[in-house]
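# A structural walkthrough
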Amino acid sequence: MPMDHAYAEEHGLIESYLKDRLSESEREAFEAHYFACEACMEQLEAASDFREGMLRVAAEETARAQVGLLAGLALLSRAHRLALAGALLLLLALPLALLITNRGLERRLAAARIIPAAVPEGEPRIASREQETAAGPQVNLPLFTLAAVRGGEEAGREPVNRVPLAPTTPSAVFTLELAAVDYPSYRASLRDESGKEIWQARDLRPDSRDSLVILLPSRMLPPGLYRLKIEGVKNDRKTFPVAAYPFRVVRP
Amino acid sequence: MSDPAAVPPPDSAAMADLVRRIVSGDPVAEAELVQRFSRAVSFLLRRLARDEAMAEDLYQETFRLVIEKVRDGELREAERLPGFVSGMARNLFLGAVRRGGRRQKWQAEPEAAETAPDPAPGQLASLLAQERAGIVRRVLAELKNDRDREILSRYYIADQDKEEICRDLDLSDLHFNRVLFRARQRYRELFEKWQGAAAAPQSQAAG
C-alpha cells in the first residue's frame, strides 16, 4: 500500500521502524515508501547511524566502568573473538538491565549513569580507583556453555549447569547454542530463584554459529538458582519459547 | 490516523517508465534500477542480516531476481516497484535465515569454508563505527542540559517508549521530537563535515 511522505513524518515512522515497533503491514508500507523517497532514506540513515553511535557510546562507557573486555580481546583466539563479538552486542543490553531492575525513582539516575558525563573522546575524565582497576585488561574471564532444557523441566530438580563464580570475578561469559535459527530475532530473560526477572534483552540475533553469547557482571549473580529463557520473536512481535537454560551459581 | 494510501508516491510515473523500459530489454534501464534502489537495498539488508558478507550476497541476489522478474512481466503494477524490491530483499533474507544462512553453505561445500569471509566487521566498518561514536559524544557534549541527554539515553539505549519518557519527564510530544530531531541533525552535520574532511586529502592527492 503506497504511503506518502507527510504521513511517514507525521507519525514518526522512521524511529518506530528502527525500533521495530511497526505492525507488519505498516512496516511493509514504510519500506516501500523509503525505497522511493530520498528524504526518508537520508533521515533513516542518519537516525540509524545516530542510534548505533549512541549504543556504541553506551557500550564503551559500560565496558570502561565494568569490564576490561576490549583490552582482553587481543589475547583471545579467533574463535573466542567471534564468540565475544556476540557478547559485545549484548553488553549494550546491560545498561538496559540496570534501568529495568531499578524502575521508578532510580530511572533518572540510571539513564544518567549510561552516559555519565558525555565527555568527548580524548578529553580527561575523572574515574574512581575502582573504575580504573575494572577498566584494565583482564584475562581468563570464565566462559560457560549452558545446556538447554527444551521441555519436561521438573520443578525442584537440580540443574545440570553449574556456574562456579568467585566473588572477585568481575564478569562471566555464557554461550547458548540454539538448535535452529527460525526467528528474525530473539528475546532473553533471566530470572532468579524467586521468579523475579533480573535482566532481559530483546532484538538479539545469533552469531554465525547460531549461538547467543551473553556477558553478565558477577554482581548480578549471587549464589543461587537462575533460569535464562530464550524466546523467538516473529515480525509481528509475537514470542515463542525456544529454550530454557537453568543454572546454579556456586562459590568455587 | 490518516489513510497512508491517500497520496500516491511522487514518482510513480517514473517507476512505470522504468519498468516499461526494462520489459522492453533496455540494459540502461536495468542499471538505472540498481542505481535507484542500491542505497535502500543495502540499508535494509545490513539492518536485517547484521553481517556484511551475507548482506552483500543477498544484495546481488535481490537485484538479479528483481530484474529477472520485471523482465518477465511478473510485476503487474509498475508503481509498486519500490515495494516489490524491498519485499524481494526481505524475503531473500528470511529464506537465508530459514536455510541456516551462510553456515549451511559452508557445510554443504566444505572446500568453500577456506574462503569463507570473517563475519566480524571489517576495518572500514570498525573505523566508521568508531567515528560515529566519536561524533555522538560530541553531539551529547553540546547538549545544553542533562534532561535532553537523559531523553536520548532512555529512548535509544534503554529502549523506552516515547509516551513513557514524556510522561515521566512531563514533556510534550513537540519537545521530545525537537530533541531527537536536533540531535540527529547535528549528528548529520558533523558526520558530513567529517566525510568531507576525509575525502579532501584523497582528491588533493588525485589532483
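Here is a short report on the structure shown in this document. (Residues numbered from 1 in each chain as written. Chains lettered and ligands numbered in written order. Predicted model: local features only at pLDDT ≥ 70, side-chain atom pairs only at ≥ 80, totals over all residues. Heavy atoms only, no water.)

Residue and element names in this part refer to chain A. Pairing geometry for strand β2 (residues 161-164) and strand β8 (residues 239-250), over four bridges, is parallel. Within β8, the residue paired with R162 across the bridge is R248. Between strand β7 (residues 224-233) and the antiparallel strand that follows it, β8, lie five residues; R237 among them carries a positive phi value of about 75 degrees. (Pairing = 2+ DSSP bridges. Helix = DSSP H or I, 4+ residues; strand = E, 2+ residues; numbered from the N terminus.)

Right, let's get into empty space enclosed by the protein. Per the counting criterion, the structure on display carries two cavities of 30 Å³ or more. Computed from the structure, the largest cavity encloses a volume of approximately 250 Å³. In terms of lining, the largest cavity is formed by 16 residues, of which the most central are D20, R27 and N235 of chain A together with R47 and R90 of chain B. At the level of secondary structure, the elements contributing two or more residues to the lining of the largest cavity comprise α2 (27-49) and α4 (81-98) of chain B. Of the residues that constitute the lining of the largest cavity, the class distribution is six nonpolar, two polar and eight charged. Put simply, the second largest cavity is a space of about 60 Å³. Around the second largest cavity, the lining residues are Q43 and A46 of chain A together with F181, R184, Q185 and R188 of chain B. When residues of the lining of the second largest cavity are traced back to their parent elements, those giving at least two are α4 (38-66) of chain A together with α9 (173-206) of chain B. When residues of the lining of the second largest cavity are assigned to their parent elements, the largest contribution, four residues, is made by α9 of chain B. (1 Å grid on protein atoms, 1.4 Å probe; cavity = no way out; pocket = protein on both sides within 12 Å on 5 of 7 lines; lining within 4 Å. Points joined across faces, edges and corners; volume = space filled by probe spheres on them. Nonpolar A, V, L, I, M, F, W, Y, C, P; charged D, E, K, R; others polar.)

The backbone of D203 of chain A shows a phi angle near 60 degrees, a positive value even though the residue is not glycine. Examined against the element boundaries, D203 of chain A turns out to sit in strand β5 (residues 197-204).

A few words now on the packing of aromatic side chains. If you walk through the whole model with that rule in mind, you get 18 aromatic pairs over all chains. Relative to Y187 of chain B, the ring of F50 of chain A lies with its centre 5.7 Å away and its plane at 75 degrees, an arrangement referred to as edge-to-face. With F50 of chain A in helix α4 and Y187 of chain B in helix α9, this pair bridges two chains. Considering the side-chain rings of F174 of chain A and F247 of chain A, the 5.4 Å spacing of their centres and the 35 degrees angle between planes classify their relative orientation as tilted. Remark: F247 of chain A occurs in strand β8 and F174 of chain A occurs in strand β3 (residues 171-177); sequence separation between them is 73 residues. Aromatic rings pair up to connect F50 of chain A together with Y155, Y156, F176, Y187, F191 and W194 of chain B into one cluster. One residue, R47 of chain B, lies across the ring of Y17 of chain A, its end atom 4.7 Å from the ring centre. (Phe/Tyr/Trp six-rings, centres within 6.5 Å; stacked < 30°, edge-to-face > 60°. Lys NZ or Arg CZ within 6 Å of the ring centre and 35° of its normal.)

Before going further, it helps to spend a moment on the environment of S23 of chain A. Tracing the backbone through its elements, the reader meets S23 of chain A in the loop between α2 (13-18) and α3 (24-34). Note: C-alpha distance between S23 of chain A and R237 of chain A (214 residues apart in sequence) is 8.3 Å.

So, about the sheet that holds strand β1 (residues 143-145) of chain A. Residue and element names in this part refer to chain A. If you walk across this open sheet you meet the three strands as β1-β3-β6, and the pairing is mixed. Two strands close off the open sheet at either side, each with one partner strand: β1 and β6 (211-217). Taking the axes of each pair of neighbouring strands and ignoring which way they run, one obtains an average angle of 20 degrees across the sheet. Two elements, β3 and β6, share seven bridges in a ladder whose sense is antiparallel. When the bridges of β6 are listed, F174 appears paired with I214. (Axes fitted to C-alpha atoms, helices over the stretch in contact; angles between N-to-C directions.)

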